[in-house]
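Listed below, chain by chain, are the residues.
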Amino acid sequence: MPPRILFVNHAAVIGGAELILLDIAQAFNTSGEVALFSNGPLRERLEEAGVRVHVLKAAPSLHRARRESKIPPLGAVGAALPLIGRLARMARSYDLLYANTQKAFVVASAAGLLARRPVLWHLHDILTPQHFSRNNIRLDVALGNRVARRILAVSQAAALALTEQGGNPDKIFTVHNGIDPQPFKTLSPHDVVRIRSAWVAPGQALLGCFSRLTHWKGQHVVIEAMTRLPEAHLLVAGTDLFGQTAYAEQLQDQVRRLKLGDRVHFLGHRSDVPDLMQAVDIIVHPPVAPEPFGRVVIESMLAGRPLVASREGGTLEVITDEVNGLLFTPGDVAELADKVASLLAHPHRMQTLGQKARSYATSHLSRETMIARVTQHINAVTGKPMASAPPVQNRAEGEPAVLLEGSK
Ligand code: UDP
């Protein structure tokens, strides 16, 4: 019998961690189900993928609790208690609780203790004071060390941040995100021209930035850089997924103040990111705090477009400066603008960087490799092998180490 897995995710929006969960839960849909703490588009996407979903609605105070809050609001603690009880009762029918977000991990840890079920934490975040309050970090580290059987970090940067905060390295394993390359190979030159024509005339440069709108993702940096790139246009795809409307408004104000309204195009949330990525000349990923392991980095690589990204976090594990992308100092507007301008002036270089990026991502960052590695860890925790674990690709020379052993 394959292990029965209950995947737990607090949000039902479509963020990067949720898209990864979608792929993993779909791979395990004969023996795994998903519990969400709210209803939303993720539920529909999971059900379309053949995954059974349970919505355990939590009081709004739990969702309002921010990871950067110094003290968890009493309302959030009160909202968590009944949720823990319900999850613990459900957990008895499963062999494993698989927590996919930080809030889900806190609730699943308590439920796992009550139901005496193992908990695995898929860590999509960098646990540093830039992203989380100290109290939240302390709680996560304590639960990680005492309750989690294994912690799968999306990058070595995320694994290292957790160990630096006191996480037990024997439990932490790096499993890089992986993406299905198929949607990134579809666009014909005719389609590229058609898509671009909505914003630029032939010969004009088009840049793209594809992330939710929140300060640490750094869209303000690339918008500022546009003042130094007078001929170029910029597509900003994404919304304020977790209700951070102030930053989205700040970006609109910035564009008005800098008189960039005719060259910076806010697209809102798009469901055609693979097409848009293939249609732009350069993709910019400008976080101002360490990026755990952005899916957009892998997607840009698969799109075969040159990526100019902040020199931070998990990005450094797959992008080698001047080889398969360009890196710039986080927040350095002048450096970003210079690198983009120099690339635009050298189309052949853009092509070479894009091709190298695509071939690296295709061979090293596949969805199948990620699922195979996750399967190994689920098997190790439950002691029950999955019937159809996909094969693991061999590690190629030059590939950044993906730690399958304890990372100490
Ligand atoms: N994305 C999308 N539509 C948009 C902007 C982004 O579908 O308009 C997707 C993007 O393609 C990526 C995901 O949202 O797959 C974001 O994941 P990532 O890991 O880069 O960032 P996160 O939001 O999880 O920090």
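Residues numbered from 1 in each chain as written. Predicted model: local features only at pLDDT ≥ 70, side-chain atom pairs only at ≥ 80, totals over all residues. Heavy atoms only, no water.

(A) Representation of the overall build of the protein chain within the structure. Counting its secondary structure elements, the protein chain contains 15 helices and 13 strands. Burial statistics for the protein chain: of 408 residues in total, 58% are counted as buried. Contacts spanning at least 24 positions in sequence make up 70% of the contacts within the protein chain whose residues lie at least 6 apart. As presented, the protein chain carries roughly 16900 Å² of accessible surface, and 53% of it is formed by carbon and sulfur atoms. (Helix = DSSP H or I, 4+ residues; strand = E, 2+ residues; numbered from the N terminus. Buried < 20%, exposed > 50% of the residue type's maximum accessible area, 1.4 Å probe, protein only. Contact = heavy atoms within 4.5 Å. Areas by Shrake-Rupley, 256 points an atom, 1.4 Å probe, with all protein chains shown as cover.)

(B) How the structure looks around the nonpolar core. Of all hydrophobic cores here, the largest spans 76 residues; its most connected members are Leu87, Phe210 and Met301. Element by element, the count of residues in this core is highest for helix H4 (residues 74-91), at seven residues. Dropping the residues within four chain positions of it, phenylalanine 210 is found in contact with Ala237, Val273, Leu276, Met277, Val280, Ile283 and Val296. In terms of nonpolar packing, the next biggest core, distinct from the first, is built from 31 residues, Leu251, Leu260, Val284 and Phe328 among them. (Core = buried A, V, L, I, M, F, W, Y, C linked by side-chain atoms within 4.5 Å.)

(C) Summary view of the pairing of strand E11 (residues 282-285). Neither face of E11 is left uncovered, since the one carrying Ile282 and Val284 and the one carrying Ile283 and His285 both have all their residues buried. Sheet analysis places strand E8 (residues 206-210) next to E11, joined by two bridges and oriented parallel. Each bridged residue has a counterpart across the sheet, and for glycine 208 the counterpart in E11 is isoleucine 283. By the bridge criterion, three bridges tie E11 to strand E12 (residues 307-310) in an arrangement that is parallel. Looking across to E12, one finds that histidine 285 is bridged to alanine 309. You can see the chain leave E11, run along helix H12 (residues 295-302) and come back into E12, and the turn it takes is right-handed. (Pairing = 2+ DSSP bridges. Right-handed = clockwise from strand over helix to strand, strands pointing away.)

So far we have only geometry, and geometry alone does not tell us how the molecule works.
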